[in-house]
Amino acid sequence: MSLADLTLAQWRSFDLPTARRVAQKAASLVSGRVTLVETTEHLGAPLHRVRIERHGQEFALIPGGPVSLGFDLDNWQPTLEQTADYAESMEQGFGYGPDVRAHLAQVLSPRRSVNLATVLMAVEDENLTERPADMPAVLAARGLRMPSSDEWEHACGAGADTLFRWGNDCPLDRIPYGDGTGPHNQLNAFGLHIAYDTYRTELTSDTTAVHGGDGGESVCGGYGHMLGWLPLATANRNPSMVEFVYGPDGEDLCEDFSTRPVLML
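Definitions and limits used
Residues numbered from 1 in each chain as written. Predicted model: local features only at pLDDT ≥ 70, side-chain atom pairs only at ≥ 80, totals over all residues. Heavy atoms only, no water. Helix = DSSP H or I, 4+ residues; strand = E, 2+ residues; numbered from the N terminus. Buried < 20%, exposed > 50% of the residue type's maximum accessible area, 1.4 Å probe, protein only. Polar contact = N/O pair within 3.5 Å; in protein donor to acceptor, adjacent residues only side chain to side chain. Core = buried A, V, L, I, M, F, W, Y, C linked by side-chain atoms within 4.5 Å. Contact = heavy atoms within 4.5 Å. Phe/Tyr/Trp six-rings, centres within 6.5 Å; stacked < 30°, edge-to-face > 60°. Pairing = 2+ DSSP bridges. Expected span 1.5 Å × (residues − 1). Arc of directions from axis to C-beta. Axes fitted to C-alpha atoms, helices over the stretch in contact; angles between N-to-C directions.

Draft legend 1. The side chain of Asn188, seen in detail. Within the secondary structure, Asn188 sits in the loop between helix H6 (149-157) and strand S8 (202-203). On the accessibility criterion, Asn188 (3% relative accessible area) is buried. There is a polar contact of 3.1 Å between the side chain of Asn188 and the backbone nitrogen of Phe190. Here the side chain of Asn188 touches Leu192 through a polar contact of 2.7 Å, landing on its backbone nitrogen.

Draft legend 2. Summary view of the nonpolar core. Core analysis: the biggest nonpolar cluster contains 65 residues, and Trp11, Ile62, Leu104, Leu108, Leu163, Leu192 and Leu230 have the highest contact counts within it. It is helix H2 (residues 16-29) that provides the largest number of residues to this core, a total of five residues. Excluding anything up to four places from it in sequence, Leu108 contacts Phe71, Leu163, Ala233, Ala235 and Asn236.

Draft legend 3. Structural context of the packing of aromatic side chains. Inspection of every chain in the model, using the stated rule, returns six aromatic pairs. Between Phe71 and Trp76 the ring centres are 5.9 Å apart and the planes differ by 70°, which places this aromatic pair in the edge-to-face class. Both residues of the pair, Phe71 and Trp76, count as buried. Taken together, a centroid distance of 4.9 Å and an interplanar angle of 5° make the contact between Phe164 and Trp166 stacked. For Phe164, a relative accessible area of 0% corresponds to the buried category. Note on Trp166: relative accessible area 25%, which makes it partly exposed. Three or more aromatic residues joined by ring pairs form one cluster here, namely Phe164, Trp166 and Trp229.

Draft legend 4. Quick peek at the pairing of strand S2 (residues 45-54). Extensive coverage of S2 is indicated by the burial of eight of its 10 residues. Examined bridge by bridge, strand S1 (residues 33-42) and S2 share nine bridges and lie antiparallel to one another. Bridge assignment links Val34 to a residue of S2, and that residue is Ile52. Between S1 and S2, which pair antiparallel and follow one another directly, the connecting turn spans two residues, one of which, Leu43, has a positive phi of 55°. As paired strands, S2 and strand S3 (residues 57-62) are joined by four bridges and run antiparallel to one another. In the strand pairing of S3, Ile52 is matched with Phe59. What sits between S2 and S3 in their antiparallel hairpin is a turn of two residues, with His55 showing a positive phi close to 55°.

Draft legend 5. Focus on the side chain of Ser149. Structurally, Ser149 is set in helix H6. Look at Ser149 and you get buried, because its relative accessible area is 4%. Sequence-distant contacts of Ser149, that is, excluding residues within four places in its chain, are made with Thr204, Asp206, Ala209, His211 and Arg237.

Draft legend 6. Highlighting the environment of Gly222. Along the chain, Gly222 turns up in the loop between strand S9 (210-211) and helix H7 (225-229). Accessibility expressed as a relative area gives 33% for Gly222, which makes it partly exposed. For the pair Gly222 and Glu91, spaced 131 residues apart in sequence, the C-alpha to C-alpha distance is 9.0 Å. Setting aside anything within four residues of it in sequence, one finds Gly222 in contact with Ser89, Gln92 and Phe94.

Draft legend 7. Quick look at helix H3 (residues 80-91). Over its 12 residues, H3 runs 17 Å from end to end, which matches the ideal 16 Å to within 8%, given 1.5 Å per residue. Those residues of H3 that fall on the buried side of the exposure criterion are Gln82, Asp85, Tyr86 and Ser89. With its buried residues spanning 100° around the axis, H3 presents them on a single face. Opposite the buried face of H3, at more than 90 degrees from it, the exposed residues are Leu80, Glu88 and Glu91. Where H3 is buried, its residues touch helix H4 (100-107) and H7. Of the residues trailing H3, Gly93 is marked for its positive phi of about 90°.

Draft legend 8. The arrangement of the sheet that holds strand S11 (residues 262-264) in detail. Overall, antiparallel pairing links the five strands, which are arranged S1-S2-S3-S6-S11 in an open sheet. If you trace the sheet from one side to the other, it starts and ends with S1 and S11, each paired once. Each neighbouring strand pair of the sheet contributes to a mean axis angle of 30°, computed without reference to strand direction. Contacting S1, S2 and S3, H2 crosses the sheet at an angle of about 140° to S1. H6 contacts S1, S3, strand S6 (119-122) and S11 of the sheet and is inclined by roughly 80° relative to S6.

Printed below as a string of structure tokens:
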């Protein structure tokens, strides 16, 4: 079996020695070296994390296969605190609808099933060095590519169907920017440092979405705490930021955006 065909379900079934053998095979395919194989707890079951270093850059193994992406609004109920916090944002003129559910319908990707290849994805996003349209060629020269939007979302959520990669709740007494104790500071289930800073704006090969942040827009006074955290939601495509990034105002600001390179197996 090609490692690219490895599914998340198969990966979860492996014991640690098997995971180590897979990690070594992946590293050999990309002329890299294994720097970490460990087991963590995710969604009530063990999940192995693999980290491979190549040319000074660290990548995490992202098992693919058939996966579910997007957020199921029909099966989600906001807490009273989330509802009240959004109502305060509406009073300040922020938000895309009369309630938080209507707002989420405007910014989150829909629930869907996709089939993804297993890849290695950079643990850290990196700043763009050229305009977005020129970055595929820049990365290709290093044997890399930009992730697809689906790959980014899967890598972030790691199979979780919650609003954020860590669950449905977020601290409502503060915003994530400048908060060193919140859940966004932790590595995700696959070992990625992802959806961690609302000032970051990660681009993929999909020009209809950006991920991981909104360039700091949500830090504006009066925006509210719930809306302050939502740019970090796994399925948030940040549509207002998309308009800026791919419009005339953002075309010369490549250094303010980032991407998370993918290494194919």
